[in-house]
Amino acid sequence: MTDILDYDYAALLLTRAEYEGPFATPPAPLALATAERPRWLDVGGASAFFEAAPTFAKKMLGASPRADLGETRAIVLAPRADDPNAGKGPQDEHVRSNPPTGYQPYYYYVGGKPGRDNFRLHEWSKDHAPNHLGGTMRPCQAVPEMSPFYVEFEEYFGGYNFGGGNAQLDFKAMKFDWACG
């Protein structure tokens, strides 16, 4: 996949057996004269992230992770029972290119008048976690048009660098978008 800045990304879709199986060591990087060996290949992604941004990483991870490629943090799924966007493709009603999906933004403006003082969150969106599968999207910038089968994640979820932002990956269309905050 290629993003708006023409950078390439890849997603590895695993079977259940592969996901639950033993950890696989990443392949060695190609020998390029202009590229250093990424630090995460030696100490793991979580540890490299902690070394690069300790104040931010400690806030996100809670404690210093082990220097190990297999270091992981538990992920918990909880249904968003009151999410009116479950099963709907995210889209911005003002710039959409596909037929309406019935998707609703997580915010509104009092009296329909845009402005900082009139900005409000819908009650149903207040407990939504930033890392999630489908439903209501909260991108740092514009809402990318995607299928209902997407995941949204913040950069501390794995230590990616989105400039203080977040990303969305549409598994159905294999489309990737990110924005800085």
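Residues numbered from 1 in each chain as written. Predicted model: local features only at pLDDT ≥ 70, side-chain atom pairs only at ≥ 80, totals over all residues. Heavy atoms only, no water.

### Quick look at helix α3 (residues 45-52)
Okay, step 1: Three or more residues of α3 are buried, namely S47, A48, F49 and F50.
Okay, step 2: Contacts made by the buried residues of α3 are with α2 (40-43) and α4 (54-61). (Buried < 20%, exposed > 50% of the residue type's maximum accessible area, 1.4 Å probe, protein only. Helix = DSSP H or I, 4+ residues; strand = E, 2+ residues; numbered from the N terminus. Contact = heavy atoms within 4.5 Å.)

### Re the side chain of D83
Okay, step 1: By the secondary structure assignment, D83 is in the loop between α4 and β1 (107-109).
Okay, step 2: Leaving out residues up to four positions away in the same chain, D83 has contacts with W124, H128, G135 and T136.

### Thoughts on the packing of aromatic side chains
The description of two aromatic rings rests on the distance between their centres and on the angle between their planes.
Okay, step 1: Under the definition given, this model contains five aromatic pairs.
Okay, step 2: Centroid distance Y107 to Y109: 5.8 Å. Interplanar angle 70°. Geometry classified as edge-to-face.
Okay, step 3: Note on Y107: relative accessible area 29%, which makes it partly exposed.
Okay, step 4: Looking at Y109, the relative accessible area reads 29%, which means it is partly exposed.
Okay, step 5: Through successive ring pairs, a cluster of aromatic residues spans Y106, Y107, Y109 and F119.
Okay, step 6: The lysine or arginine in question, R138, covers the ring of Y106, its NZ or CZ lying 4.2 Å from the ring centre. (Phe/Tyr/Trp six-rings, centres within 6.5 Å; stacked < 30°, edge-to-face > 60°. Lys NZ or Arg CZ within 6 Å of the ring centre and 35° of its normal.)

### Brief notes about the environment of P65
Okay, step 1: With respect to the helices and strands, P65 occurs in the loop between α4 and β1.
Okay, step 2: A residue is classified by how much of its surface remains accessible, and P65, at 8% relative accessible area, is buried.
Okay, step 3: Considering only alpha carbons, one finds P65 and F49, 16 residues apart in sequence, at a separation of 9.4 Å.

### Quick notes on the nonpolar core
Okay, step 1: By size, the foremost hydrophobic cluster in this structure holds seven residues: V151, F153, F162, A167, L169, F176 and W178.
Okay, step 2: Of all elements in the fold, only β4 (150-154), β5 (166-170) and β6 (175-179) reach the threshold of two or more residues within this core.
Okay, step 3: Other than its neighbours up to four places away in sequence, V151 contacts H132, L133, A167, Q168, L169 and F171. (Core = buried A, V, L, I, M, F, W, Y, C linked by side-chain atoms within 4.5 Å.)

### Some details on the confidence of the model for the protein
Fine structural detail should not be taken from predicted coordinates in areas where pLDDT scores are low.
Okay, step 1: Averaged over every residue, the pLDDT of the protein is 86; residues scoring 70 or more account for 95%.
Okay, step 2: Looking over the protein, one finds the lowest element-wise mean pLDDT in α4, namely 79, and the highest in strand β2 (residues 119-121), namely 95. (pLDDT = per-residue confidence, 0-100.)

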